[in-house]
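Each chain, written out:
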Amino acid sequence: MTLRFSQDIKSLLQHLAEKPLTLGDVISETSERGFSLVIALLVLPFLIPTPPGLSTPLGTACLLMSGQMALGRRTPWLPKKIASLKFPNWFAQTLLKNLQRVTKVLEKISRPRFQKVAENPLTWRFNGICLTWLAILLMSPYPPATNPIPAVGMLLLAVATIESDGILMCLGYVATVLNTLFFGFAFYILYTGATYLLPNLFR
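Conventions used here
- Residues numbered from 1 in each chain as written.
- Predicted model: local features only at pLDDT ≥ 70, side-chain atom pairs only at ≥ 80, totals over all residues.
- Heavy atoms only, no water.
- Helix = DSSP H or I, 4+ residues; strand = E, 2+ residues; numbered from the N terminus.
- Buried < 20%, exposed > 50% of the residue type's maximum accessible area, 1.4 Å probe, protein only.
- Contact = heavy atoms within 4.5 Å.
- Areas by Shrake-Rupley, 256 points an atom, 1.4 Å probe, with all protein chains shown as cover.
- Core = buried A, V, L, I, M, F, W, Y, C linked by side-chain atoms within 4.5 Å.
- UniProt positions renumbered as here; feature names shortened; annotations may be inferred.
- Salt bridge = Lys/Arg side-chain N within 4 Å of Asp/Glu carboxyl O.
- Axes fitted to C-alpha atoms, helices over the stretch in contact; angles between N-to-C directions.
- Parallel < 35°, antiparallel > 145°, perpendicular 65-115°, else oblique.
- Left-handed = near helix turned anticlockwise from the far one by under 90°.
- Nonpolar A, V, L, I, M, F, W, Y, C, P; charged D, E, K, R; others polar.

1. Details of the overall build of the protein
Turning to step 1, where the next piece is worked out: Check the secondary structure of the protein and you find 10 helices and 0 strands.
Turning to step 2, where the next piece is worked out: Taken from N to C terminus, the helices and strands of the protein fall in the order α-α-α-α-α-α-α-α-α-α.
Turning to step 3, where the next piece is worked out: Counting over 203 residues, the protein shows a buried share of 46%.
Turning to step 4, where the next piece is worked out: Look at the contacts in the protein between residues 6 or more apart in sequence, and 77% of them connect residues 24 or more apart.
Turning to step 5, where the next piece is worked out: Roughly 10900 Å² of accessible area belongs to the protein as shown, and the carbon and sulfur atoms make up 67% of that amount.

2. Overview of the nonpolar core
Turning to step 1, where the next piece is worked out: Core analysis: the largest hydrophobic core is formed by 48 residues, its most contacted members being Val-38, Ile-39, Val-43, Cys-62, Met-65 and Met-154.
Turning to step 2, where the next piece is worked out: At the level of elements, helix 2 (23-30), helix 3 (34-43), helix 4 (55-70), helix 6 (89-109), helix 8 (121-139), helix 9 (148-163) and helix 10 (166-201) are the ones that each hand at least two residues to this core.
Turning to step 3, where the next piece is worked out: For this core, the leading source of residues is helix 9, giving 9 residues.
Turning to step 4, where the next piece is worked out: Setting aside its immediate chain neighbours within four residues, Val-43 contacts Cys-62, Leu-138, Ala-151, Met-154 and Leu-155.

3. A short note on the UniProt feature "transmembrane region" (unreviewed entry) in the protein
Turning to step 1, where the next piece is worked out: Cross-referencing UniProt, the feature "transmembrane region" (unreviewed entry) maps to residues 122-139, 151-175 and 181-202 in the present numbering.
Turning to step 2, where the next piece is worked out: The straight-line gap between the two end C-alpha atoms of residues 122-139 is 26 Å; of that span, 100% is helix and 0% is strand.
Turning to step 3, where the next piece is worked out: With 92% helix and 0% strand, the stretch residues 151-175 has end C-alpha atoms that lie 10 Å from each other.

4. Here we look at the pattern of salt bridges
Turning to step 1, where the next piece is worked out: Taken as a whole and judged by the stated rule, the model has 1 salt bridge.
Turning to step 2, where the next piece is worked out: With a closest N to O distance of 2.8 Å, Arg-113 and Asp-165 form a salt bridge. Taken together, the positions of Arg-113 in the loop between helix 6 and helix 7 (115-118) and Asp-165 in the loop between helix 9 and helix 10 put the pair 52 residues apart, joining distant regions of the chain.
Turning to step 3, where the next piece is worked out: Assessed through its relative accessible area of 0%, Asp-165 is described here as buried.

5. A few points about the packing of helix 8 against helix 9
Turning to step 1, where the next piece is worked out: Where helix 8 meets helix 9, the closest approach of the two axes is 9 Å, and the angle between their N-to-C directions is 160°. Looking at the two axes, helix 8 sits roughly antiparallel to helix 9. Two packed elements cross with a definite hand, and for helix 8 against helix 9 that hand is left-handed. Taken together, the residues of helix 9 that come into contact with helix 8 (itself represented by Trp-124, Asn-127, Cys-130, Leu-131, Leu-134, Ala-135, Leu-137 and Leu-138) are Pro-150, Ala-151, Gly-153, Met-154, Leu-157 and Thr-161.
Turning to step 2, where the next piece is worked out: Partitioned by chemical class, the residues of the contact of helix 8 with helix 9 number 11 nonpolar, 3 polar and no charged.

Given below as structure tokens:
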């Protein structure tokens, strides 16, 4: 079974062969699915080797998209400056081809399931809230080198939303809870370590 997600990526690769790709192009070609597809494109760099310093700009764009989902918007909106930002061809090609590899795995496990629940407007908003929270964790500088952890949860939720797959959404919710526990524990360790070390440093 071919995922809608996979078809969208194929369409974007064809577009890329003709002219440079922008986030605005992704949104205009994929309509409502543009929310999740843009988020998937933005989080993928955290799962493959990419230059450092991307977490803040990409995370901010993810926040903008997921925040709109949480508010119930069905048509994505981006400021003109961000929407017209052109991906370098080599970067877009790398992203889309890596997403194609991801979809080969996802096609084995994803299909429309529990569609009435998956397509409910409240589920849409809840997914937006989860994605917003994961985007905040993605942008967090502490603990270092942990960006791929929330990125996996975001990718699962993005694909599940496009495919109306209730079971994959549940996996995304589990990933959200695990991320919350992991980062909560990490921040607790950092906080307790700091409160113990700082007074001793100034003795």
